[in-house]
Amino acid sequence: MSGLLANKLEVINIGLPSFAEAIAGAGGGVTHVDWTPPAAGDRPAGEALAKLVGNPAVEAANKKAYDAYLSAQPRLVGVGIARDVVPGLEERMVLHAGAPIDWARMCGPMQGGICGALVYEGWASDLDAARQLASSGAIRFDSCHHHAAVGPMAGIISPSMPVWIIDNPVHGNRSYSNLNEGLGKVLRYGANSPEVLARLRWFETTLAPTLKAALEVTGPIDLKPMMAQALHMGDEMHNRNVAATALLFRKLATAMTRSSAKAEDVAASLEFLAANDFSFLNISMAACKAMMDAAHGVEGSSLVTVMARNGVEFGIRVSGTGDAWFTTPAPRVNGLYFPGYSIADAAPDLGDSAITETCGIGGFAMASALAIVKFIGGTPDQALGYTQAMSTITMGRNPGFTLPPLNFAGTPAGIDIRKVVDTGLEPVINTGIAHKDAGVGQIGAGITSAPLSCFTKAVDELARRLGL
Amino acid sequence: MAVSTRVVRNLYRDSVSLMQLSAALAKRPGIDEASAVMATPTNLDLLREAKLLDGQVDAGVNDLLIVVRGDGPAIKAALDEAEASLSRGPEGAIGQGGVAKKAPRSLAMAVAEQPSANLALISTPGDYAAAEARKALNLGLNVMIFSDNVGLASEIALKRLAEERGLLVMGPDCGTAIISGVPLGFANAVRRGAIGVVGASGTGMQQVTCLVDRLGAGISHAIGTGGRDINHHIGGTSTLRGLELLAADKETKVIVLVSKPPAPAVAEKILAAASKAGKPVVVNFLGADPKTIKGRNLHPATTIEDASHAAVALAKGRKPRPVTRTPSARVGFKPSQRYVRGLYSGGTFGYEASLLLGAKLGAVRSNVAIKDEDKLDDPWTSRGHTIVDLGDDVFTRGRPHPMIDHRLRNERLVKEAGDPTTAVILVDIVLGHGAHADPAGEMAPALRAAHAAAKKGGRRVAIVGFVCGTPADPQGLARQEKQLREAGVILCASNAEAVRLVARLVPAEKKPVKKPAKRSPTKKTKKKGRGR
């Protein structure tokens, strides 16, 4: 028996606020819900959602997936050449950010980056030939995420490129990301001029071997403690990586000098790392990828394990829905633009870096990165508000990543598609903004959100898979 | 004294947090000294110097090391507590950092904030109400669905789910409930007491609870079921659950069951359950032959008024008697004035009035008529004896319910008074939560205008009414009744009493008097939702 009549009446009121007032006036406990139609009024999705809310199978699956996420221990174990280490990366294959997409539909920066990669690989003699080759169908394109990899912006990874290797010994999975090229003319923003390609070759011949030598001296570097410390130093490890880069540099610098690497390579490598505040970004992303992959594939779980953009579509994947992508047109970012540029020049949202938000840092940890709130167009209070708001759509807080301004609460982590669709609250994402044309580069930064309709589609599919 | 260590792998905490943890551990009873540190070589050396660490420990710079010295049994507890506190959130509130706390945006969020919640009250647009109700049931809450326009299939599915979970679903289209003295939806502020109510009709339950209050008794709980609960598709699931809850409730001494006549098989089930409640159950199936209500502990009542009086009598250990009290009033009508015009805001009141008047006056036309031949072909125009339910869809399309917005009824009042065939106008005035803040004040000018319109035609009309409300209602019963009297309303205590007075006032017809309407189980008369 429900005990309804014997216990004090405690009401959740959804709808007319005056009913809540009458209840409170008569001494009943009441919480009024600030309700809007779930799934933005999509009734079938709302019905599917209702079957998932409070569903014991989903709750059990989520506990399993979330525990896997929390217990993952990503470690930086080395640097390798993509063709040697990235699973399933074949010759004449190029990986890109976001959900799979055909050449013809790709955005400008992604096409530009791919052309650069084809010349860099020696598969095309020049950029015109590269464009022809790319459109000929002789090159296979695939999502980084299908290969345990992530890349910022265009996210181009071709077989000869060096990649960071992250190992999660707890679950036995590995993840990969390319090396960050710095700001300015870079492949990830679609630039493909000779200096861009020369830098990629220098990565391959000098930087990667030097980093590899240093990592042989340090042994595996545990990343979660380093990331936790960087959060306390003002990074959110998506748009601000200066503290994490410094922490990494501290380890690598001493190790490099003791390694077998040549002194001039050590000097050049350290100069490069020191000059780039974003050196750690790709490691942060790969660490997040390793944690989220550990949580992927739990049947019934509504945990989001990927949020990524290919410059045309925003896509997510969910632990309990297997290989499926749920996509919708990528939004343009209404952020702050560098002088001379506006939203009209922007490519739609691009890059795998939203894996950081998926993992509970980036925009979800804005409360720790008060120094960059102006850059993303807000005030410190707004930054705290973003983090607090995200706790309403996550499964919990990560006790390994604490936030001093919020009394050392953990970062809200583990996005639950049910909570997103139920509240209509979209996950926030800190992001850089690419010019829509290849090679122009970054033209701004801002805060955007993951479109609700991806989550609505995922709810439909999860309910279908569970036979609800 | 013993020393013990514990290593938490790959967990970073800043040194200040760790010093706080160390201090908290050291304060525990039986603990002499405690230290929590990141296991850097420097920190390990410090621990060795403090004699807290002897030799090597398998911990690296990224591992958190907790060392405790104290009495044997206290040590393990301290280490467990330390480890638990590291995975717990911060003590006390998470800082808001100048950010105002926001209201929960979903049912699940609200439950997380109020884990003791035991009921969800849902008044969203009908399209979304079933989904919210399903979530509530999944989360272990009982549900009241005030919303209407919820499909029959959804209602069946929700009630089945509730049955599986041992929960109660009130509604859809449940306008009224009172649980443990707390009004839900459109309900009156009534005294608490020993009488429990289960009802498929919102205004019917408001009438029972108000009359019980007026008679000096009180209500334990009033459980609404929604109008469709008693049809053969649903099978009375919520009615049966409500009976079961009230039967088990210690506070409830007498139960009142009020609804339109259920489908025959459903009625049988309900009456069987009622007679096993272990306490008296007064049954009012509106319009049903009282002889069909038989069973141990069952007390049939013809009107809602009778049901209320019977319940109060039974609660006091007296024998129930039908109510016959009728106030005296005399109005001189012209020969043309032959008809009653009932203008109702409460659907059940209109329905009951057309039943009772039909029995006394012969043909009564209504937009909520029981028989097709009594249907009003144009609900906007009265013909002969007419009872209009102004809460019917045809009147509420694009307009608030007449308990909230009196304009339509006010216009109709004046129109009816201007009709030379009108002798008596019959109105209900409903108070309580959800109703208009001052119905009498809203109606008074129209009531005066109605009398004036009749006077202009050289006639006088009688306006008979009753207030469904209590002294504790926000509108105040006495204040409302005073205003109505001053505006020329002859007030009765109940709908049934008003009907008796009307029957006495209306000039006699030549036609023979009809027998009371027999129970007609196949009839489907929709109860109307209010104000949605």
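Residues numbered from 1 in each chain as written. Chains lettered and ligands numbered in written order. Predicted model: local features only at pLDDT ≥ 70, side-chain atom pairs only at ≥ 80, totals over all residues. Heavy atoms only, no water.

Within chain A, the regular secondary structure consists of 15 helices and 18 strands. For 468 residues, the compact-globule estimate of 2.2 N^0.38 gives 23 Å, and the C-alpha radius of gyration of chain A, at 23 Å, lies within 12% of that figure. When the backbone C-alpha atoms are referred to their principal axes, chain A occupies close to 80 × 50 × 45 Å. Each of the 468 residues in chain A was classed as buried or not, and the buried ones make up 65%. Put simply, 69% of the contacts in chain A that link residues at least 6 apart link residues at least 24 apart. Of the roughly 15100 Å² that chain A leaves accessible, carbon and sulfur atoms contribute 53%. Charged side chains in chain A number 35 positive and 42 negative. The centres of these two groups are separated by 3 Å. (Helix = DSSP H or I, 4+ residues; strand = E, 2+ residues; numbered from the N terminus. Rg over C-alpha atoms; globule rule 2.2 N^0.38 Å. Buried < 20%, exposed > 50% of the residue type's maximum accessible area, 1.4 Å probe, protein only. Contact = heavy atoms within 4.5 Å. Areas by Shrake-Rupley, 256 points an atom, 1.4 Å probe, with all protein chains shown as cover. Lys, Arg positive; Asp, Glu negative; His and termini not counted. Charge placed at Lys NZ, Arg CZ, Asp CG, Glu CD.)

Right, let's get into the domain arrangement of chain A. Domains assigned within chain A are domain 1 (1-35), domain 2 (61-69 + 290-465) and domain 3 (74-284). For domain 1 of chain A and domain 3 of chain A, the distance between their C-alpha centroids amounts to 55 Å. (Domains from an automatic or database assignment.)

Residues and elements named next belong to chain B. A complete count under the given rule lists 42 salt bridges over all chains for this structure. Here aspartate 229 makes a salt bridge to lysine 159, at a shortest N to O gap of 2.7 Å. Of the two residues, aspartate 229 is situated in the loop between strand S10 (219-224) and helix H8 (237-248) and lysine 159 in helix H6 (residues 152-165); the sequence distance between them amounts to 70 residues. Owing to a relative accessible area of 2%, lysine 159 belongs among the buried residues under this scheme. A salt bridge links glutamate 497 to arginine 325; its shortest N-O distance comes to 2.8 Å. Here glutamate 497 is found in helix H16 (residues 495-505), whereas its partner arginine 325 is found in the loop between helix H10 (304-315) and strand S14 (339-344), with 172 residues between them in sequence. (Salt bridge = Lys/Arg side-chain N within 4 Å of Asp/Glu carboxyl O.)

Turning our eyes to something else, we now look at the domain arrangement of chain B. Residues and elements named next belong to chain B. Taken domain by domain, chain B consists of domain 1 (2-87), domain 2 (173-315) and domain 3 (339-505). Relative to domain 3, the C-alpha centre of domain 2 lies at a distance of 25 Å. Taken together, the contact pairs 23 residues of domain 2 with 31 residues of domain 3. Between domain 2 and domain 3, a total of about 2000 Å² is buried, with carbon and sulfur atoms accounting for 59% of that surface. Across the salt bridge formed by glutamate 481 and arginine 214, the nearest N and O atoms sit 3.4 Å from each other. Our count for the contact surface shared by domain 2 and domain 3 stands at 13 residue pairs in polar contact (both at pLDDT 80 or more). For the side of domain 2 that touches domain 3, the secondary structure elements donating two or more residues are strand S8 (182-185), helix H7 (202-214) and H10. In terms of residue count, the dominant contributor to the side of domain 2 that touches domain 3 is H7 (8 residues). Across the side of domain 2 that touches domain 3, the residue classes tally to 10 nonpolar, 9 polar and 4 charged. (Buried area = accessible area lost by both parts, 1.4 Å probe. Polar contact = N/O pair within 3.5 Å; in protein donor to acceptor, adjacent residues only side chain to side chain. Nonpolar A, V, L, I, M, F, W, Y, C, P; charged D, E, K, R; others polar.)

All names here are of chain B. Spanning 14 residues, H6 covers 20 Å between terminal C-alpha atoms, matching the ideal 20 Å at 1.5 Å per step. Among the residues making up H6, those that are buried are Glu155, Leu158, Lys159, Leu161 and Ala162. For H6, the arc enclosing every buried residue in end-on projection is 160°, short of the 170-degree limit, so these residues lie on one face. With respect to the buried face of H6, the exposed residues turned more than 90 degrees away are Ala153, Arg160, Glu163 and Glu164. Contacts made by the buried residues of H6 are with helix H5 (126-138), strand S5 (142-145), strand S6 (169-170) and H8. (Expected span 1.5 Å × (residues − 1). Arc of directions from axis to C-beta.)

All names here are of chain A. Viewed as axis vectors pointing N to C, helix H7 (residues 194-218) and helix H10 (residues 263-274) meet at an angle of 110°, and their least axial separation amounts to 9 Å. Taken together, H7 and H10 sit at an angle that is classed as roughly perpendicular. The chirality of how H7 crosses H10 is left-handed. When H7 is examined against H10, the residues Arg199, Trp202, Phe203, Thr206, Leu207, Thr210 and Leu211 are found in contact with a partner set consisting of Asp265, Val266, Ala268, Ser269, Phe272 and Leu273. Residues belonging to the contact of H7 with H10 are distributed by class as follows: 8 nonpolar, 3 polar and 2 charged. (Axes fitted to C-alpha atoms, helices over the stretch in contact; angles between N-to-C directions. Parallel < 35°, antiparallel > 145°, perpendicular 65-115°, else oblique. Left-handed = near helix turned anticlockwise from the far one by under 90°.)

Residue and element names in this part refer to chain A. In spatial order, the strands read S6-S8-S7-S3-S9; together these 5 strands make up an open sheet with mixed pairing. Either end of the sheet is taken by a strand with one partner, and the two such strands are strand S6 (149-150) and strand S9 (221-222). The pairing of strand S7 (residues 162-168) with strand S8 (residues 173-178) spans 6 bridges and is antiparallel. In the sheet register, asparagine 168 faces S8, and the bridge partner there is asparagine 173. (Pairing = 2+ DSSP bridges.)

Moving on, we come to a nonpolar patch on the surface. A grouping of Phe338, Tyr341 and Val440 of chain A is seen on the molecular surface, where their side chains present a nonpolar patch of about 230 Å² in accessible area. For phenylalanine 338 of chain A, a relative accessible area of 31% translates into the label partly exposed. (Patch = residues over 30% accessible without salt bridge, like charges linked within 9 Å, V, L, I, M, F, W, Y side chains within 5 Å.)

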